[in-house]
Amino acid sequence: PAIDTVILEIDKARKQFGGLVAVNDMQFTVSAGQIVGLIGPNGAGKSTMFNLVTGVLPLSGGAIRFYSEGQLRDIGNLPSREIVKLGIGRSFQHVRLLASMSVLENVAIGAHLRAKGGDVMEVMSSILRRDSKIENSLLAEAQRQLERVGLSHLMQEEAGSLALGQQRILEIARALCCDPTLLLLDEPAAGLRYKEKQELAELLRKLRDEGMSILLVEHDMDFVMNLTDHLVVMEFGTKIAEGLPQEVQQHPAVLEAYLGG
Ligand code: ADP
Ligand code: MG
């Protein structure tokens, strides 16, 4: 899609867990070639928002639309594997990889998902049970994505031996195998050293400059302020502010949410 095309539209999305409204009529968009940050205190509903977009949780109300084949389509009721196929890739808040498998094999799981469908954990466990093997074409795709993120020199290493920053980038390579136009990253900078954060930010800018859209949840404010083009702030399931990072940072409700709580 052309730069600035709306590729994700969150339209009064709502999620209730019993009496708790975790996501309350949220509304925002992500455009092609844009890095959008979703921030807010713990329990604000950020991960739930991600789970709605990726089809992990069903919506309680509202709609989520994603741009594919020339138009915005309702993805609110699609299963995860269909959403992955349409072009939404994700990483998880806690790194999920198979520590004793190679970097290449871990990334090939992403290529396997794209080719065969299914759920990450399902595919991993079937590979561990050895009732699914990774084919050469999938390994080739994994290698291409490792080159793209600058990790191909480590592809034969055990994934568990990598530094945390490299593991995060491995996870991004895995998500890239599904050929996404939108990447969802849940706290990609958490626990990283300063230099690792800089390398991660550099990679995300590179992907954005290639036309990728990125929606990320992040607590590290320096990281968010330096990287994002647009910020959406949530508290108690509700959007309390959005706009340019420097503007949002000064917003009274945001200062209150971060400092007054
Ligand atoms: P954040 O990622 O912003 O920290 P979450 O989306 O994880 O927040 O959680 C938002 C709220 O929804 C919290 O109050 C949390 O306890 C609740 N919640 C999240 N997932 C579930 C679930 N599966 N069942 C019940 N409550 C949940
Ligand atoms: Mg969370």
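Scroll up a little and you will see the structure.
Remember, predicted model here, so these are calculated numbers, not experimental data.

### What to know about unusual backbone geometry
Right, so step 1: The phi dihedral of Lys 12 is positive, around 55°, even though this residue is not glycine.
Right, so step 2: One can find Lys 12 in strand S1 (residues 6-17).
Right, so step 3: A positive phi angle is found at Phe 236, which is not glycine, with a value near 45°.
Right, so step 4: Among the structural elements, Phe 236 can be located in the loop between strand S9 (230-235) and strand S10 (238-243).
Right, so step 5: Given 15 C-beta atoms within 10 Å, Phe 236 falls into the partly exposed group.

### Focus on the site of ligand 1
Right, so step 1: As a structural note, the neighbourhood of ligand 1 is formed by Phe 17, Leu 20, Ala 22, Gly 40, Asn 42, Gly 43, Ala 44, Gly 45, Lys 46, Ser 47 and Thr 48.
Right, so step 2: Contributing elements (two or more residues each) for the shell around ligand 1: strand S2 (20-31) and helix H1 (46-53).
Right, so step 3: Among the residues forming the shell around ligand 1, the class breakdown is 4 nonpolar, 6 polar and 1 charged.

### A closer look at the sheet that holds strand S8 (residues 213-217)
Right, so step 1: Spatial ordering of the open sheet is given by S6-S7-S8-S3-S9-S10, a layout of 6 strands whose pairing is mixed. Bordering the open sheet on either side are strand S6 (88-90) and S10, each of which pairs with just one other strand. Neighbouring strand axes in the sheet, compared pairwise and without regard to direction, differ in orientation by 20° on average.
Right, so step 2: Bridge count between strand S7 (residues 182-186) and S8: 5 bridges; the pairing is parallel. Across the sheet, residue Leu 184 finds its bridge partner in S8, namely Leu 215.

### Description of the packing of helix H5 (residues 136-149) against helix H6 (residues 164-176)
Right, so step 1: With their axes 9 Å apart at the nearest point, H5 and H6 run at an angle of 130° to one another. Our classification of the angle between H5 and H6 gives oblique. Considering the relative orientation of H5 and H6, their crossing is right-handed. On H6, the residues that touch Gln 145, Leu 146, Arg 148 and Val 149 of H5 are Ile 169, Ile 172, Ala 173 and Leu 176.
Right, so step 2: A class-by-class count of the residues in the contact of H5 with H6 yields 6 nonpolar, 1 polar and 1 charged.

### Comments concerning the packing of H6 against helix H7 (residues 194-209)
Right, so step 1: Taken N-terminus to C-terminus, the directions of H6 and H7 make an angle of 20°; their axes are 9 Å apart at the nearest point. With respect to H7, the axis of H6 lies roughly parallel. In this structure, the crossing between H6 and H7 has a hand that is right-handed. In this structure, H6 uses Leu 164, Gly 165, Arg 168, Ile 169 and Ile 172 to contact H7, whose residues at the interface are Glu 196, Glu 199, Leu 200 and Leu 203.
Right, so step 2: Here the residues of the contact of H6 with H7 sort into 5 nonpolar, 1 polar and 3 charged.

### A look at the pairing of S8
For a regular strand, side-chain orientation follows a simple rule: the groups alternate between the two sheet faces.
Right, so step 1: Most of S8 sits out of view: 5 of its 5 residues are buried.
Right, so step 2: What you see with S8 is no split at all: Ser 213, Leu 215 and Val 217 on one side and Ile 214 and Leu 216 on the other are buried throughout.
Right, so step 3: As defined by bridge partners, strand S3 (residues 35-39) adjoins S8 across 4 bridges and the pair is classed as parallel. From the neighbouring strand, Ile 35 faces S8, where its bridge partner is Ile 214.
Right, so step 4: Running through H7, the crossover from S7 to the neighbouring parallel element S8 is right-handed.

### Examining the environment of Ile 75
Right, so step 1: Tracing the sequence through the fold places Ile 75 in the loop between strand S5 (71-74) and helix H2 (80-86).
Right, so step 2: C-alpha separation for the pair Ile 75 and Leu 86, spaced 11 residues apart in sequence, amounts to 9.2 Å.
Right, so step 3: If we skip the residues at most four places from it in the chain, Ile 75 touches Ile 64, Arg 65, Phe 66, Ile 83 and Leu 86.

Basis of the calculations
- Residues numbered from 1 in each chain as written.
- Chains lettered and ligands numbered in written order.
- Predicted model: local features only at pLDDT ≥ 70, side-chain atom pairs only at ≥ 80, totals over all residues.
- Helix = DSSP H or I, 4+ residues; strand = E, 2+ residues; numbered from the N terminus.
- Buried ≥ 20, exposed ≤ 12 C-beta atoms within 10 Å, placed from the backbone.
- Near = placed C-beta within 6 Å.
- Nonpolar A, V, L, I, M, F, W, Y, C, P; charged D, E, K, R; others polar.
- Pairing = 2+ DSSP bridges.
- Axes fitted to C-alpha atoms, helices over the stretch in contact; angles between N-to-C directions.
- Parallel < 35°, antiparallel > 145°, perpendicular 65-115°, else oblique.
- Left-handed = near helix turned anticlockwise from the far one by under 90°.
- Contact = placed C-beta atoms within 7 Å.
- Right-handed = clockwise from strand over helix to strand, strands pointing away.

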